[in-house]
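Fold and geometry: a report
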Amino acid sequence: MEPPIYYKRSEYIETDTGNKVSRRATIAGPQNIILGGKTIIANGAIIRGDLRRTGPGHAVVISLGRYCLIGVDCVMRPPYKTYRGNFNYYPMKIGDHVHIGSNTVVEAAQIGNYVEIGKNCVIGKFTIIKDCAKIADGTIIPPNTVVPALSLFAGSPGRFVEDLPESTQEMVEAQTKQYYTRFQPEADAR
Amino acid sequence: MPPSILYHCSCLSSSPHPPPPNLPSSSYSFHPLHTLFFCEECDAVRCNRCVSIEVSSYYCPNCLFEVPSASVRAEKNRCARNCFMCPNCRNTLSVVPSDPPDTGDSRLSMPISSLNEPPFFLYCNHCRWDSAEVGITFEKPTGLAAQLQKYEDSAPDSLEFERLKEHFEPFLRASSLSSTIGGNTTAHASSAAHSHHAHSNSITAAASAALARDIPGVSKYQPLTRTTSGRGGSGKDRSRNKDEMPEYRSRVEISKTSAYGGGEADVELMDHIETIGSIATLEQRWVNSWISPLQTKELKPLRIPLHSKRSKRCPSCTHILIKPEQKAQSVRYKIKLVAANYLPAITVALPHAQKAKAELAKKQLGKSTAAAVEDASISASNMHAGKTYAFHLALSNPLYDPIQVRLSAPRMNVSTAPVKDGSPEKARRPPFAISLPSSGFSVAAFAEAWEYEDDEDMFGVDDGDEFGMKGGRETDGRGKVRTVGVLERRANVTLVGGEVVIGKEARGDVKFNMLVSYTYRSDDPTPSESNDGDGPSSTSKSSSAANKQPEVKTFAFYTVVDLGHIIPRDEPRAETDF
Ligand SMILES: [Zn+2]
Ligand SMILES: [Zn+2]
Ligand SMILES: [Zn+2]
Ligand SMILES: [Zn+2]
């Protein structure tokens, strides 16, 4: 068992469903963001829930599942395009057990469950990442890329490297749950 | 990276012992637990190197459509829809209409089908290659593969391939007729490399005969004489097949045509080369384009190669170990026999490094630089020659019954191996000595409920153990008294301590083989304390039931534990030369 990862209690807001959101993260348009529970938003992360589709009413811009991690200084921004002459933003949907490493920029349309994205990556607009896929550190995924299930992508442009082991789902599930357990407020001192 | 632990797969080798871990070649025999399989029939670990593989379905990695295996061959293993690869950078190409890629404002980027005006072309949004550069445009944005078919089919390479196919057709038909007796229908479309079946032998032989042909500028292909058992002399086979075949004449004599490069034309081109980028790289030529031109500007987009889902079989008894669900993007399996569900998972830690890391992390708290912590922890995990270090092994039990575990580190890896390869300096004194708990210990059964707990006392103090962990937690002091033995029990995890004494003159890595043998009982849920005291390595790889109790089985497997690098005495502690 890995040692705990401590944070200052005053620095994080914990919600009823166990989400832990850093006070030093920028959450724009929180009414348009859904967090599934037990999801961690780290320091310096920027989540642009304000970039919503034009038009009246309420809209979910970014949804995150359970046991996700948005790493330090990540930027999560919904994808956009001009379709039939109209510029618009499109929603971003992220499944359960998805970890995104620090300094990564995500403009994906859809990320499945049990997905690991490394640090310092750029995930281009409208990218679709299927279940149990992994993006290595420093990968640049160009816009509109499809990353199939259980595959490892790396490089610039991000390309298929290899198939991941059959037990990836269990591995990632255990790892993300463990991370959430390890992530705890520092014992009273300091 | 270290400390780490890898599990041994014998890959059907008859030797009961794993290779010494200090040999670089041993890395082929050791694997992370989560990549291994387990055959219940053979009661043995299997790995990706030794399992037999069969393709169970094909799909396009971009449009994710499944391709029936019947059409895979006709479509040359590539997507026949709208999926193309950039010949320059291998990114997936987009179809874009020809209205101008507007303005200079790159933030608005490529409008994707904004006005839909023909002609359409393929565009790479990574390197900005576009198919208009090579004269390929489309009247409509659908069915591109069909529209491109005429270009692709008229490429000299593909014409040559068709001719080769025609040439071998009668022979292939004859050999497939004879192979239907073998009855394996799944192997037909997979490449010869993946097929472990005897009937592919003659096809492979025919193909290698064709490959052995001289091509100017390409060094001669030397087929390796494969001496796999059961093939009955492949060398003879090949020559016989060769005799049966009429001689093949290529469509064009490549050395005599100037259209496809070679000779003077290439020299001329090279003379006027301005940037190295104008010459296509080997990868671009051979992998990324349906023709293989010398010049980058002639590269053509290629349909995306299909991916496959694969079943895996035990190489010994051919029972299925892995059988994926048919649906292309499903991550579920109909059959999945992975070693992690049978063998205890072991993690290794160096407490001195962990402590240093934790302290560092505490210092860094509040500053948002996680990277600095990682860097600093690397130097903190260093081990110095002439010192003694404790290490922790955490064993978690995947079984619904408790297991009784014994650990041992056979001496052979330090004593015998170096003697043989004749480095007396090392052989005289083993560079380090390993102490492991000498008696067996139990690891409690896995229970579903523990899996979902998020409670606080995951890291809490857990005293009052019947095995008597001496004293409290690590923080009370680091006496050497209790470093070896059971340290802690929590749910289905038992933490044991070991110790490594590093010699004064030691160099290299602290890397040793460890034999793990465990006894389990499939019926009775209570832990069996009555483990008869026979030696840990006496029952290896066999399910020898102890006489007194039926249903008690022992399984043993080897691992290699890597604790990390030794910093030699004389050198300064800053950086090592490795
Ligand atoms: Zn193997
Ligand atoms: Zn496709
Ligand atoms: Zn490109
Ligand atoms: Zn078997």
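Placed above this text is the structure.
Let me sum up the structure you'll find in this document. Residue indices follow the written sequence of each chain, beginning from 1 at its first position. Chain letters start at A and ligand numbers start at 1, both assigned in the order the entries are written. Given that the model is predicted, a residue must reach a pLDDT of at least 70 before its local features are reported, and side-chain atom pairs must reach 80 or more before they are shown or counted; all residues, however, enter totals for whole chains, interfaces and linings. The side-chain quantities take in all heavy atoms of the structure and omit both hydrogens and water.

Residues and elements named next belong to chain B. Residues Leu144, Ala145, Gln147, Leu148 and Glu152 constitute the buried set of helix H2 (residues 144-154). Looking straight down H2, one finds that the buried residues subtend no more than 155° of arc, so they occupy a single side. Those residues of H2 that are exposed and angled more than 90 degrees off the buried face are Ala146 and Lys150. Remark: exposure states derive from per-residue accessible area (1.4 Å probe, protein chains only) relative to the maximum for the residue type, with buried under 20%, exposed over 50%, and partly exposed in between. In DSSP terms, a helix is any run of H or I states spanning at least four residues, a strand is any run of E spanning at least two, and both are numbered starting from the N terminus. Summarising the geometry, the arc corresponds to the directions from the helix axis toward the C-beta atoms.

It is worth spelling out the sheet that holds strand S17 (residues 116-117) of chain A at this point. Residues and elements named next belong to chain A. Reading across the sheet, the nine strands line up as S2-S3-S6-S9-S14-S17-S20-S23-S24 and stay open at both edges, with mixed pairing between neighbours. Here the strands that pair on one side only, and so sit at the sheet edges, are strand S2 (12-14) and strand S24 (159-163). At least two DSSP bridges between two strands are required for those strands to pair. Direction of pairing for strand S9 (residues 69-70) relative to strand S14 (residues 99-100): parallel, over a ladder of two bridges. Counterpart to isoleucine 70 in the pairing with S14 is isoleucine 100.

All names here are of chain B. Here five strands make up an open sheet; going across it, the order is S6-S5-S11-S12-S13 and the pairing antiparallel. Whereas interior strands pair on both sides, the edge strands pair on one side only; in this sheet they are strand S6 (66-67) and strand S13 (333-336). As judged from the two bridges shared by strand S11 (residues 307-313) and strand S12 (residues 320-324), these two strands associate in the antiparallel manner. Of the residues in S12, the one forming a bridge with lysine 312 is isoleucine 322.

The next subject is the interface of chain B and chain A. Residue contacts are defined here by distance: any two heavy atoms, one from each residue, within 4.5 Å place the two residues in contact. Every contact between the two is made by 41 residues of chain B and, on the other side, 51 residues of chain A. What gets called buried area is simply the loss in accessible area from a 1.4 Å probe that two parts show on being joined, summed for both. Summed over both partners, the interface of chain B with chain A buries about 4100 Å², with 54% contributed by carbon and sulfur atoms. Each reported salt bridge corresponds to a side-chain nitrogen of Lys or Arg within 4 Å of a carboxyl oxygen of Asp or Glu. Counting every contact that joins chain B to chain A gives three salt bridges. Between Lys336(B) and Glu170(A) there is a salt bridge, with its nearest N and O atoms 2.9 Å apart. Between N or O atoms, a polar contact is any pair within 3.5 Å; within protein, one atom must be a potential hydrogen donor and the other a potential acceptor, and residues adjacent in sequence are included only when both atoms are from side chains. Summed over the shared surface of chain B and chain A, the number is eight residue pairs in polar contact (both at pLDDT 80 or more). The element best represented in the side of chain B that touches chain A is S11(B), accounting for three residues. Lys, Arg, Asp and Glu make up the charged group, whereas Ala, Val, Leu, Ile, Met, Phe, Trp, Tyr, Cys and Pro make up the nonpolar group; the residues left over, Gly among them, are polar. A class-by-class count of the residues in the side of chain B that touches chain A yields 15 nonpolar, 16 polar and 10 charged.

Residues and elements named next belong to chain B. Here a donor is any nitrogen, oxygen or sulfur atom (N, O, S) within 2.8 Å of the metal, with 3.2 Å used for Na, K and Ca; water is not among the atoms considered, so some sites may look incomplete. Taken together, Cys86 (SG), Cys89 (SG), Cys124 (SG) and Cys127 (SG) make up the protein donors of the zinc ion (ligand 3), found 2.2 to 2.3 Å from the metal. Four donors are marked tetrahedral only if all angles between them lie between 85 and 135 degrees, whereas four are marked square planar and six octahedral if opposite donors are more than 155 degrees apart and the other angles lie between 65 and 115; the remainder are marked irregular. Bound by four donor atoms, the zinc ion (ligand 3) shows angles of 102 to 115° at the metal and therefore tetrahedral coordination geometry. Judged by its relative accessible area of 0%, cysteine 86 falls in the buried class. Residue classification places cysteine 124 among the buried positions, given a relative accessible area of 0%.

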